Amino acid sequence: MKLLSSLMDLIYPPRCGVCKVFTWQSKANHEGEEIGFCRDCYNAFEKVASPLCPMCGRPFSAGSGIDHTCENCLRKQPYYDIARAPYLYEGPLMTAIHDLKYAKKTHLAGSLGHLMASYAANWLGRADELLVMPVPLHPGRLRDRGFNQSLLLARHVASRLEAHTDFLSLRRIRPTQPQTRLTSDERKKNVRRAFAVIEKTNLKGKSILLIDDVATTGSTLSECARALKKAGVKEVYCLVLARTATG
């Protein structure tokens with residue numbers, strides 16, 4: 001297998017998934033495995049670190065101190081139980097996520113999904129009792145894009161955790177605007193009551209790991225969790241690949 005991989009590298013020299021430089025001598029390794037990025041780009045992926053909010057996972061600008069609940073979660077507790085992200089949404093990682101979603105470079109889901117799955121395994125351990133669920137796209141947007149990037153990432157996470165994936169029970173029942181250019185209040189209104197659960201009896205008492213690519217305010221995650229909790233779900237944990245430093 002290694003011989004075949006080396007031969008393929010000779011025929012099709014590997015390039016970094018972000019900057020496109022050849023990675024003959026500078027492949028990044030994560031837990032001993034090549035991950036499809038050069039060392040420079042991978043080293044520029046900024047990790048989320050304490051101090052952070054133990055509920056929504058938002059990091060605080062101060063570089064020292066203990067974890068504490070943020071003002072947003074104190075004012076209104078989200079419907080999910082815990083949310084976490086391994087990285088900040090900036091720099092080369094932001095470029096990679098943007099290329100995955102909007103340039104339809106779905107091969108990046110393999111490298112990004114590996115990073116996400118490794119974080120999930122360290123955070124949750126073997127979690128076969130969890131049901132892994134991606135944040136759904138509205139059918140209209142799914143037709144336009146051709147894929148749901150959250151589902152691509154979720155499959156990698158579920159495989160690593162030895163958990164099942166459910167991408168049918170949670171539905172986006174009305175179209176929503178892209179959240180990118182909306183204010184915090186507009187984001188909340190935009191996704192309010194946008195999600196519903198089909199076949200509610202299948203989820204009663206379950207623990208869900210909800211997967212998305214990026215979180216800013218966490219409004220989408222919270223609305224998904226609201227629908228899941230209404231359907232009788234016991235716990236909702238959220239994992240996103242990256243989140244903004246403020247929200």
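Remember, predicted model here, so these are calculated numbers, not experimental data.

Chemist: Before we move on, could you go through the side chain of Asp99 and cite the residues and values that matter?
Modeler: Along the polypeptide, Asp99 turns up in helix H4 (residues 91–102). In this structure Asp99 comes out as buried when scored by relative accessible area, which is 14%. Residues in contact with Asp99, not counting those within four places in the same chain, are Lys20, Lys104, Lys105 and Leu108.

Chemist: How would you explain the pairing of strand E5 (residues 130–134) if you had to name every residue and give the values?
Modeler: Counting buried positions along E5 yields 5 of 5 residues, so the element is predominantly enclosed. Of the two faces of E5, the one carrying Leu130, Val132 and Pro134 and the one carrying Leu131 and Met133 are both buried. One ladder, built from 5 bridges, connects E5 with strand E9 (residues 207–215); its direction is parallel. Bridging across to E9, Pro134 finds its partner in Ile211. When E5 meets strand E6 (residues 164–165), the two strands line up parallel, connected through 2 bridges. Across the sheet, Leu131 pairs through a bridge with His164, a residue of E6.

Chemist: Can you lay out the side chain of Thr244 for me, pointing to particular residues and giving the numbers?
Modeler: As for its placement among the helices and strands, Thr244 is situated in the segment after strand E10 (235–243). When neighbours within four sequence positions are excluded, Thr244 is seen to be in contact with Pro59, Leu88, Tyr89, Ala215 and Thr216.

Chemist: Run through the environment of Leu209, naming residues and quoting values.
Modeler: Considering the arrangement of structural elements, one finds Leu209 in strand E9. Owing to a relative accessible area of 0%, Leu209 belongs among the buried residues under this scheme. Separated by 189 residues in sequence, Leu209 and Lys20 have C-alpha atoms that sit 33 Å apart. Here Leu209 is in contact with Trp123, Leu124, Leu130, Leu131, Val132, Met133, Val157, Leu161, Tyr237, Cys238 and Leu239, once residues within four sequence places are set aside.

Chemist: Lay out helix H9 (residues 219–230) with the relevant residues and their values.
Modeler: Residues separated by three or four positions in an α-helix point in the same direction, a consequence of the helix having 3.6 residues per turn. Over its 12 residues, H9 extends 16 Å from the first C-alpha to the last, a length consistent with the 16 Å expected when each residue adds 1.5 Å. Within H9, 10 of the 12 residues are buried, which leaves the element mostly enclosed by the surrounding structure. Of all the positions in H9, only Ser219, Thr220, Leu221, Ser222, Glu223, Cys224, Ala225, Arg226, Ala227 and Leu228 are classed as buried. Turning to H9, the residues buried within the fold contact E5, strand E7 (170–172), helix H8 (184–191), strand E8 (195–197), E9 and E10. Two residues or fewer past H9, Gly232 is found with a positive phi of approximately 100°.

What counts, and at which threshold
- Residues numbered from 1 in each chain as written.
- Predicted model: local features only at pLDDT ≥ 70, side-chain atom pairs only at ≥ 80, totals over all residues.
- Heavy atoms only, no water.
- Helix = DSSP H or I, 4+ residues; strand = E, 2+ residues; numbered from the N terminus.
- Buried < 20%, exposed > 50% of the residue type's maximum accessible area, 1.4 Å probe, protein only.
- Contact = heavy atoms within 4.5 Å.
- Pairing = 2+ DSSP bridges.
- Expected span 1.5 Å × (residues − 1).

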